[in-house]
Every structure is written in C-alpha cells, then in structure tokens.
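Structural characterization, general
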Amino acid sequence: MSSRYFYLLTAAAVFGCASTGANPGVARQSQAVLTAEEMSQAHADATTAYDAIARLRPNWLAPKGPTSGYYNAGTNYPVVFVDGQQYGDVNSLKNIAGYNVGTLHYYDVTQAGARFGIKGGASGVIEVMSKGAGQQ
C-alpha cells in the first residue's frame, strides 16, 4: 500500500512541477495590439496595414456588431482612426503602408465608445499610430 502512495505522490509532484511551456522572461503579445516589431518579425510590414492585420490578427477584420442602427448604419466592420483622427472604413487600411505603422490597436465597441465617443461606431475601431506620430 505504501508503494502506491509513493507512486501517487511522485506522479503528483511531477505533474505539479511541470512547466507550462511559457517563457517567464518573454511577455505575451496582446491580441488587441499589433506592433511594428511584431509585423517586422513576421515580414508583414512590406505591404499594407490591411495585409498585416489579415495575416497576424484576422479576427479584427471579421464582421461584428449590428448591421444597422443609429450610428454607422449598415456597417458591421470597425472604423479606422489614424493618429487619433477618423480615417475611413476598414478598406482604408489598404492605403496605409505597413512600414509606416508604429502600432495598430483594436478596440471593441465598448472600448471604442469610451475612447472615441460616437465616432467609435457600432462595430469597434482599429487605431493606427504611425511611426511619425512618436512611435519607433
């Protein structure tokens, strides 16, 4: 009977002390932020901001929110802001060169409303901060 407890305790100790595989010295990338460094490492900075998002954060481009409503009626895609100013719809990201992007940030509808007010729309915001806006 004591050998069973020994094996049980040994197994518990092994599984309890097993590594999760995470590197404690490396910070996990936020799924709400896409940095120029991450784009560069994935070689996604040579095209447009839209292409980088489609490759590295495709869920940002998925339809969300209502298809009609009082604000931004008829759209269920995020609104794009560049350096704090409203820029256009999600297709306007195709006009922004990837190498000019400092960071991209996705805000869901609640966060977008808090940050951008009514202009945040009913389906969230993708904010582009260019390298020229203080980002390196």
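Below, the structure is looked at part by part.

About the cut-offs
- Residues numbered from 1 in each chain as written.
- Predicted model: local features only at pLDDT ≥ 70, side-chain atom pairs only at ≥ 80, totals over all residues.
- Heavy atoms only, no water.
- Helix = DSSP H or I, 4+ residues; strand = E, 2+ residues; numbered from the N terminus.
- Buried < 20%, exposed > 50% of the residue type's maximum accessible area, 1.4 Å probe, protein only.
- Contact = heavy atoms within 4.5 Å.
- Areas by Shrake-Rupley, 256 points an atom, 1.4 Å probe, with all protein chains shown as cover.
- Pairing = 2+ DSSP bridges.
- Axes fitted to C-alpha atoms, helices over the stretch in contact; angles between N-to-C directions.
- Phe/Tyr/Trp six-rings, centres within 6.5 Å; stacked < 30°, edge-to-face > 60°.
- Lys NZ or Arg CZ within 6 Å of the ring centre and 35° of its normal.

This part covers the overall build of the protein. On a plain count of helices and strands, the protein comes out with four helices and five strands. Written out in order from the N terminus, the α and β elements of the protein read α-β-α-α-β-β-β-α-β. Across the 136 residues of the protein, 31% fall into the buried class. Taking the intrachain contacts of the protein between residues at least 6 apart in sequence as the baseline, contacts between residues at least 24 apart amount to 59%. When the accessible surface of the protein is summed, it comes to about 8,500 Å², and 56% of that surface belongs to carbon and sulfur atoms.

A few words on the sheet that holds strand 4 (residues 101–107). In space, the five strands of this open sheet follow the order 1-4-5-2-3, with mixed pairing throughout. Looking along the sheet, the strands with just one partner apiece sit at the ends: strand 1 (33–35) and strand 3 (85–88). Averaged over all adjacent pairs, the angle separating strand axes in this sheet is 25°, with direction ignored. In terms of strand pairing, strand 2 (residues 79–82) meets strand 5 (residues 125–130) through four bridges, oriented parallel.

Counting across every chain of the model gives three aromatic pairs. Where Trp60 meets Tyr106, the ring centres are 5.9 Å apart and the plane angle is 25°; that geometry is what we call stacked. Highlighted residues: Trp60 in the loop between helix 3 (49–56) and strand 2 and Tyr106 in strand 4, separated in sequence by 46 residues. Residue class for Trp60 comes out buried when judged on its relative accessible area of 1%. Taken together, the ring pairs connect Phe81, Tyr107 and Phe116 into an aromatic cluster. A cation sits over an aromatic face here: Lys94 above Tyr50, 4.7 Å from the ring centre.

Turning our eyes to something else, we now look at the pairing of strand 3. Where strand 2 and strand 3 come together, three bridges link them in antiparallel fashion. In the strand pairing of strand 3, Val80 is matched with Gly88. Once strand 2 ends, the chain turns through two residues before running back antiparallel as strand 3, passing Asp83 with a positive phi of about 50°.

To continue, consider the environment of Ile53. For Ile53, the position within the fold is in helix 3. Overall, the relative accessible area of 0% leaves Ile53 in the buried class. In sequence terms Ile53 and Leu34 are 19 residues apart; their C-alpha atoms lie 8.0 Å from each other. The contact partners of Ile53, leaving out residues within four places of it in the chain, are Leu34, Pro58, Trp60, Leu61, Leu93, Leu104 and Ile126.

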